[in-house]
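# Remarks on the overall topology
Chain by chain, the residues run as shown.
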Amino acid sequence: MSLLGVFRRPRYLFAAIAAGHIILISAQINSNFSGSFFGTVTFGAFAEAQRGISAVVDSATGWWRNYLALQTAFDDNMRLRQELSRTKIALQQEHSIAQQSRTFAELLGLRAQLHLATVAASVIAGSASADFRILTVDKGTTDGLGSDMAVIVPDGVVGRVIMPGIRAARVQLLVDRSAAVGAMVERTRVQGIAEGTGSNMLLSYVTAGADVVAGDVVVTSGNDGIYPKGFVIGQIESVERDAGSFGDIALRPAVDFSSVEAVLVVTTPFRSWDSEPVAGPEMQALE
Amino acid sequence: MKALWILAALAFALVLQATLARFLGGAAFLDLVLLVVVCSALRNGPVTGMLAGSAGGIIQDSLSMGLIGVGGLTKSVVGYVVGTIGQQFNVTAALSRGVLFFASSLAHVVIFAGFYVLLGLEPFGFSWTGVLSQALGNAVVGVVALYVVEVMPMIVGRRQMSKLTRY
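Residues numbered from 1 in each chain as written. Chains lettered and ligands numbered in written order. Predicted model: local features only at pLDDT ≥ 70, side-chain atom pairs only at ≥ 80, totals over all residues.

### Some words on the overall build of chain A
Helices and strands together make up the secondary structure of chain A, namely five helices and twelve strands. The buried share of chain A, taken over its 287 residues, is 37%. Taking as baseline every contact in chain A between residues at least 6 positions apart, the subset at least 24 positions apart corresponds to 58%. (Helix = DSSP H or I, 4+ residues; strand = E, 2+ residues; numbered from the N terminus. Buried ≥ 20, exposed ≤ 12 C-beta atoms within 10 Å, placed from the backbone. Contact = placed C-beta atoms within 7 Å.)

Laid out in structure tokens, this is it:
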């Protein structure tokens with residue numbers, strides 16, 4: 001049977017395609033193939049297409065808001081929301097510092113952890129696959145973005161940069177199945193790991209008997225080397241105790257991921273959060 | 001020409017999926033790429049369904065953060081099986097098509113998660129509510145989309161015929 005004949009038969013073709021995929025998957029298991037040239041090129045092309053579509057969609061929604069809705073009310077609202085965003089971020093940082101000061105400052109003499117350098121970015125696309133929770137933002141390596149940089153909004157943590165392209169970057173949301181973040185219950189300083197489930201989050205690896213109740217606010221612990229300490233992850237929704245140890249601790253994210261339009265990417269190197277404040281801090285405004 | 005149309009449909013589905021996900025917070029109410037794969041499998045048979053699934057899945061993989069190939073292999077299997085069923089059985093009624101779209105969505109989730117479990121990469125938990133709602137959404141949108149795809153050429157043909165007869 002000729003090669004052409006083989007490939008005309010659906011079963012043989014199916015076997016060949018399946019084998020090809022398995023080889024492709026096998027090649028990635030033992031190497032860092034996911035950041036390959038193919039992935040980079042596909043993402044770059046897709047991001048550019050999505051940038052154009054996002055501009056069209058934003059223009060349409062902007063036209064609707066500005067001309068068909070109340071123009072002045074919208075402008076005022078936007079200005080106030082931007083001011084509120086800045087205030088919320090400052091408040092979170094102050095709140096974090098105050099909380100830490102009350103518990104550890106005298107013992108450890110921790111230094112101030114403010115002045116994070118950030119880059120403002122707009123969301124241009126969601127996930128192309130229903131199985132993963134990611135966003136695409138319109139800033140990339142040319143704007144100073146890199147892998148594993150934390151992405152935040154005034155309400156709390158959004159996720160981390162997983163693939164920075166030249167002019168765009170892919171951000172893994174906290175609720176993604178493979179996302180995890182070092183977490184801490186703000187009230188009791190109990191530590192654990194907040195893990196995504198695809199639609200919500202769980203607080204895992206919490207010490208048995210630890211003081212955790214529904215309603216507790218969970219913040220980043222800063223132990224993972226990615227997220228700055230003290231930013232809000234979410235709130236404990238329910239605690240199911242299982243024979244003394246903790247079962248499922250359900251966590252509701254603080255951020256409504258469906259309404260995220262602009263984000264701040266923390267470009268401060270991780271080490272500087274626990275040591276000296278960054279020289280020449282610059283917090284770019286959301287606009 | 002057929003291949004170009006399918007590639008264009010896959011590209012459109014990917015862009016639309018990402019645009020919708022932006023406003024829905026990434027919530028997976030639909031898998032538009034899977035819909036294109038199932039539609040092309042039902043209309044053109046198992047080989048086209050399998051190739052469309054392979055291409056669409058690999059591109060989707062490369063735009064996501066999973067292993068490149070897992071989604072491609074999953075959608076190839078779904079495309080091949082749906083195409084074979086479409087050739088063996090009469091699936092022209094809306095109900096039977098809806099059932100096929102629904103079942104293919106469930107099969108896609110199970111196979112996809114199964115591959116990850118087999119590879120021992122990470123625990124792949126999913127909520128059945130989300131899976132069932134996505135399958136239901138795929139079934140409704142899929143039936144309507146396939147109907148439109150089948151009816152559109154007829155409408156265009158009739159208009160052309162009426163124009164020709166007018167002159």
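### Some details on the overall build of chain B
Looking only at helices and strands, chain B features six helices and zero strands. When its helices and strands are written in sequence order, chain B yields α-α-α-α-α-α. The 167 residues of chain B split such that 49% are buried. Within chain B, counting contacts between residues at least 6 apart in sequence, those at least 24 apart form 65% of the total.

### Digging into the interface of chain B and chain A
Contacts between the two partners involve 44 residues from chain B, matched on the other side by 43 residues from chain A. Going through the elements one at a time, α1 (2-24), α3 (46-63), α4 (70-88), α5 (94-119) and α6 (128-166) of chain B are the ones with two or more residues in the side of chain B that touches chain A. Partitioning the side of chain B that touches chain A into residue classes produces 24 nonpolar, 17 polar and three charged. (Nonpolar A, V, L, I, M, F, W, Y, C, P; charged D, E, K, R; others polar.)

### Quick word on the packing of helix α2 (residues 10-29) of chain A against α4 of chain B
Where α2 of chain A meets α4 of chain B, the axes come as close as 9 Å, and the angle between the chain directions of the two elements is 165 degrees. With respect to each other, α2 of chain A and α4 of chain B are oriented roughly antiparallel. The two elements α2 of chain A and α4 of chain B cross, and the hand of that crossing is left-handed. Where α2 of chain A approaches α4 of chain B, its residues Phe14, Ile17, Ala18, His21 and Ile25 of chain A are matched on the opposing element by Val70, Gly72, Leu73, Ser76 and Tyr80 of chain B. (Axes fitted to C-alpha atoms, helices over the stretch in contact; angles between N-to-C directions. Parallel < 35°, antiparallel > 145°, perpendicular 65-115°, else oblique. Left-handed = near helix turned anticlockwise from the far one by under 90°.)

### Thoughts on the pairing of strand β6 (residues 180-185) of chain A
Residues and elements named next belong to chain A. Alignment of β6 against strand β7 (residues 191-196), held across five bridges, turns out to be antiparallel. Its bridge partner being in β7, Met184 is matched across the sheet by Gln191. A loop of five residues connects β6 with β7, the two strands running antiparallel in sequence, and Arg189 in this loop sits at a positive phi of about 65 degrees. Here three bridges tie β6 to strand β9 (residues 217-220), and the two strands are oriented antiparallel to one another. (Pairing = 2+ DSSP bridges.)

### Structural notes on the packing of α4 of chain B against α5 of chain B
Residue and element names in this part refer to chain B. Where α4 meets α5, the closest approach of the two axes is 9 Å, and the angle between their N-to-C directions is 145 degrees. For the element pair α4 and α5, the recorded crossing hand is right-handed. From α4, Val70, Gly71, Leu73, Thr74, Val77, Val78, Val82 and Ile85 reach across to α5, where they touch Leu100, Ser104, Ala107, His108, Ile111, Phe112, Phe115 and Tyr116. Within the contact of α4 with α5, the residues separate by chemical class into twelve nonpolar, four polar and no charged.

### Here's the deal with the sheet that holds strand β12 (residues 262-266) of chain A
Taken in spatial order, the six strands of this closed barrel run β1-β2-β5-β4-β3-β12 (chain A), and their pairing is antiparallel. Across this sheet, the average inter-strand angle for adjacent strands is 45 degrees, counted without regard to direction.

### Concerning the environment of Thr267 of chain A
Residue and element names in this part refer to chain A. Within the secondary structure layout, Thr267 lies in the loop between β12 and α5 (271-274). Residue classification places Thr267 among the buried residues on the basis of 20 C-beta atoms within 10 Å. Separated by 150 residues in sequence, Thr267 and Ala117 have C-alpha atoms that sit 5.5 Å apart. When near neighbours in sequence (up to four residues on either side) are disregarded, Thr267 contacts Ala117, Thr118, Val119, Gly144, Leu145 and Met149.

### Side note on the nonpolar core
Ranked by size, the top nonpolar core spans 104 residues in total, and within it Val157, Val158, Ile233 and Val263 of chain A carry the most contacts. No other element matches the ten residues that helix α2 (residues 32-44) of chain B contributes to this core. For this core, the two domains that each supply at least three residues are domain 1 (7-68) and domain 2 (71-287) of chain A. Ignoring any residue separated from it by four or fewer positions in sequence, one finds Val157 of chain A in contact with Ala150, Ile152, Leu174, Val181, Thr220, Tyr227, Phe231, Val232, Ile233 and Val255 of chain A. (Core = buried A, V, L, I, M, F, W, Y, C linked by C-beta atoms within 7 Å. Domains from an automatic or database assignment.)

### Some points on α2 of chain B
All names here are of chain B. The end-to-end C-alpha distance of α2, which contains 13 residues, comes to 18 Å, matching closely the 18 Å that a straight helix rising 1.5 Å per residue would cover. Across the 13 residues of α2, eleven count as buried, placing the element largely inside the fold. Residues of α2 that are buried include every one of Leu32, Val33, Leu34, Leu35, Val36, Val37, Val38, Cys39, Ser40, Ala41 and Leu42, and no others. Phi turns positive, to about 100 degrees, at Gly45, one or two residues after α2. (Expected span 1.5 Å × (residues − 1).)

### Quick word on α5 of chain B
Residue and element names in this part refer to chain B. With 26 residues, α5 should reach 38 Å at 1.5 Å per residue; the first-to-last C-alpha distance of 37 Å fits that figure. Residues of α5 that are buried: Arg97, Leu100, Phe101, Phe102, Ser104, Ser105, His108, Val109, Phe112 and Phe115. Taken from the residues just after α5, Gly120 is the one with a positive phi, measuring 65 degrees.

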